[in-house]
Amino acid sequence: MDEKKEDVPPRLLDDFADYCLYLSSNNVIEQRFSMEHFVNSGLTDRSFSLDQLQVEQLENLVARHKSSDHFQAKIIKNEIEHRFLKN
């Protein structure tokens, strides 16, 4: 008998001012923009597939971002965007 595997909802990694990052169980990160950015800039949600090493690196950066001061957090956010959120 085959059991259906229930879909696990994506886990929130971080809530930035302009978007949120979510991680799904199949190593896909979702960049979900705020409604304001969607309305004003036409930005739509995006997703990116990562390997396990990239997921670990992203989670480490997110942890550093959450515990950093404002200046350092901005640098880390830029690093996350540069390394993981490019098409």
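Quick look at the structure, then.

We now examine the overall build of the protein. Each helix and strand counted, the protein has three helices and four strands in total. Among the 87 residues that make up the protein, the fraction classed as buried is 32%. Taking as baseline every contact in the protein between residues at least 6 positions apart, the subset at least 24 positions apart corresponds to 35%. A total accessible area of about 6,300 Å² is found for the protein, and carbon and sulfur atoms account for 49% of it.

Let's shift gears to the sheet that holds strand β3 (residues 28–33). The strand order β1-β2-β3-β4 describes an open sheet built from four strands, whose pairing is antiparallel. Two strands bound the open sheet, and with one partner strand each, they are β1 (11–15) and β4 (46–49). Going across the sheet, the axis of each strand differs from the next one's by a mean of 25 degrees, ignoring polarity. Here β3 pairs with β4 via four bridges, running antiparallel.

Their axes nearest at 9 Å, the elements helix α2 (residues 52–66) and helix α3 (residues 70–84) cross at an angle of 160 degrees. On the basis of their axis angle, the class for α2 and α3 is roughly antiparallel. For α2 against α3, the interelement crossing comes out left-handed. Residues Gln 54, Gln 57, Leu 58, Leu 61, Val 62, Arg 64 and His 65 of α2 pack against Gln 72, Ala 73, Ile 76, Lys 77, Glu 79, Ile 80, Arg 83 and Phe 84 of α3. Split into classes, the residues belonging to the contact of α2 with α3 amount to seven nonpolar, four polar and four charged.

Turning our eyes to something else, we now look at the environment of Arg 11. Mapping Arg 11 onto the fold places it in strand β1. Taking C-alpha positions, Arg 11 is 9.7 Å from Glu 30, a pair spaced 19 residues apart along the chain. Once residues within four sequence positions are removed from consideration, Arg 11 is found in contact with Leu 21, Tyr 22, Leu 23 and Glu 59.

Conventions adopted
Residues numbered from 1 in each chain as written. Predicted model: local features only at pLDDT ≥ 70, side-chain atom pairs only at ≥ 80, totals over all residues. Heavy atoms only, no water. Helix = DSSP H or I, 4+ residues; strand = E, 2+ residues; numbered from the N terminus. Buried < 20%, exposed > 50% of the residue type's maximum accessible area, 1.4 Å probe, protein only. Contact = heavy atoms within 4.5 Å. Areas by Shrake-Rupley, 256 points an atom, 1.4 Å probe, with all protein chains shown as cover. Pairing = 2+ DSSP bridges. Axes fitted to C-alpha atoms, helices over the stretch in contact; angles between N-to-C directions. Parallel < 35°, antiparallel > 145°, perpendicular 65-115°, else oblique. Left-handed = near helix turned anticlockwise from the far one by under 90°. Nonpolar A, V, L, I, M, F, W, Y, C, P; charged D, E, K, R; others polar.

The values reported here are purely geometric and, on their own, carry no functional implication.
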